[in-house]
Amino acid sequence: MEAKLINRFSIEAAGNGKGLLGDINGDGRMEVVFVRADGDIDDRYVPHQVTCVTAFDLEGNMLWQTGDLSGKPGNFGSDFPAQIFDYDGDGEPEVLCVMNKRFTVLEGRTGRIKKDYPLPADEAHDCIIIANLTGADRPGEIILKDRYFNMWAMDRDFNVMWTHHGNIGHFPYAYDINGDGYDEIMAGYDCLDHNGNIMWSCHDLEDHADCIWVGDVNGDGKPELAIGGSVTCLYSAEGEELWRYDGSIESQHIALGKFIPGAPGLQLAGLDRIRRGDGYKGQWDGLDGLFLVDCNGHEVRKENRQTKGWLTIAETLRNWNGEGRDYILAYRRGGGVNPGLYDHEFNMVAEFPIESAKGDYVLHGDLFGRGMEDVIVYGDKEAAVYSGTFIDVHEKPSGKPIPQPKRLYSSTLYPGGYIE
């Protein structure tokens, strides 16, 4: 299942930023937006802010740039506070980011500042979560957080609606899990209603929640919540723990999907951080490995990894080549292992060579509006566009805007999401 290299182009002008995807100009093809963050901070504990935003089309043309490229760029040790979303409801997506301690709304087509607002607190910029807290016909409220403990919910005029203090993890996930028309917020190990009140909490879990997924895992027709942290566990929408998988040392990333053809329910792929390294101390001998459990939490398989590397990110990639399959996308593996797609037996079925991109960070989405997910691998100098089926990137786009899916306006280094 060969990955076809569709295009590669220079992104040096972006200054080593994190990539976001969205059809920012409504031409029927997604663009890639790189957000560069501040450096000289210990981003394990201090939130980033965005210093520069640069937009490219998939042919490699730079469309616009807003901000300042001077100074040292930030590392990828924590989230960058930026999303692509139609915030004002005008039918065209904006780039939302925190710049200069202000929540800033950039016009997607041009990069000009449309609006900006003061932050509710100095460190309310670890990441941006978009939610529906008012029961409207579309999400439009913003949740900001500091690194680990505090959250602020903002209304559409950027007034504080409520605050929450707790063990909130990396990227709280907003989803209407009980069907009442309002999003609930899984804030780490606490499930909050739309008013910020705790509905229920996970129990007997250590550390913090690294990533959160929602889906009908056991096939009962109701959504469940899968939470990866000190262990991997599954909770009902009412807060009942359904199962717990403790066969990993640190469940750093999890991903839901229909990875095993014909198997009941959904499976959960995870990334076990078996032995942590420490890049801040120059200790790069860490080790991680994939694992897979079934809909009942029973272990199916563990990866017997023979190469070093401990910073892998694992996600779900859907319908790579039109066959409708779910695959495990794993990247930032280290040890000379390229990003790639893995099946349920941990065979790499498609490989994305990093020499074509001078880096190993990955974006994925329906870039061309075909109903299939494509992949962009990027570093600090180049980006490479891969597809499971050939398409000419230089052909004129359809002109039919691609709606921004929830997964892409919930961009995070700690991927979670909703799987049907």
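Placed above this text is the structure.
Everything numeric here is computed off the predicted structure, so don't read it as measured data.

Rules of the game
- Residues numbered from 1 in each chain as written.
- Predicted model: local features only at pLDDT ≥ 70, side-chain atom pairs only at ≥ 80, totals over all residues.
- Heavy atoms only, no water.
- Pairing = 2+ DSSP bridges.
- Helix = DSSP H or I, 4+ residues; strand = E, 2+ residues; numbered from the N terminus.
- Axes fitted to C-alpha atoms, helices over the stretch in contact; angles between N-to-C directions.
- Salt bridge = Lys/Arg side-chain N within 4 Å of Asp/Glu carboxyl O.
- Buried < 20%, exposed > 50% of the residue type's maximum accessible area, 1.4 Å probe, protein only.
- 1 Å grid on protein atoms, 1.4 Å probe; cavity = no way out; pocket = protein on both sides within 12 Å on 5 of 7 lines; lining within 4 Å.
- Points joined across faces, edges and corners; volume = space filled by probe spheres on them.
- Nonpolar A, V, L, I, M, F, W, Y, C, P; charged D, E, K, R; others polar.

Colleague: Would you mind showing me how to read the sheet that holds strand β17 (residues 198–201) here?
Modeller: The strands that make up a sheet are held in pairs by hydrogen bonds between backbone atoms, and each pair lies either parallel or antiparallel. Spatial ordering of the open sheet is given by β14-β15-β16-β17, a layout of four strands whose pairing is antiparallel. Looking at strand neighbours, the two that pair on one side only are β14 (173–175) and β17, the edges of this open sheet. Across the sheet, the mean angle separating the axes of adjacent strands is 20° when strand polarity is ignored.

Colleague: Even after reading the chapter, I still don't get the sheet that holds strand β3 (residues 31–37), so can you show me in this structure?
Modeller: Taken in spatial order, the four strands of this open sheet run β2-β3-β4-β5, and their pairing is antiparallel. Lying at the two open borders of the sheet, with one neighbouring strand each, are β2 (18–22) and β5 (62–67). Between one strand and the next, the sheet's axes are offset by a mean angle of 20°, whatever the strand orientation. Alignment of β3 against strand β4 (residues 50–56), held across six bridges, turns out to be antiparallel. Among the inter-strand pairings, Val32 is bridged to a residue of β4, identified as Phe56.

Colleague: What is the right way to read the pattern of salt bridges from this model?
Modeller: Two side chains carrying opposite charge are able to pair once their charged atoms lie near each other. Under the counting rule described, the total for this entry stands at 22 salt bridges. Residues Asp88 and Lys114 are paired through a salt bridge, measuring 2.7 Å at the closest nitrogen-oxygen approach. On the criterion of sequence distance, the pair formed by Asp88 in the loop between β6 (82–85) and β7 (94–99) and Lys114 in strand β9 (residues 113–118) is long-range, its members being 26 residues apart. Given a relative accessible area of 36%, Asp88 falls into the partly exposed group. One connected set of salt bridges, linked through shared partners, spans Asp88, Asp90, Glu94 and Lys114.

Colleague: Sorry, what's going on with empty space enclosed by the protein here?
Modeller: In this approach, a probe sized like a water molecule rolls over the atoms, and the result shows the empty space that is left. With the rule as written, the count across this model stands at one cavity of 30 Å³ or more. The volume enclosed by the largest cavity comes to roughly 270 Å³. Lining the largest cavity are 20 residues, with Lys18, Glu315, Leu363, Ser411 and Thr412 positioned closest to its centre. The set of elements that each furnish at least two residues to the lining of the largest cavity consists of β2 and β30 (361–365). By residue class, the composition of the lining of the largest cavity is 11 nonpolar, six polar and three charged.

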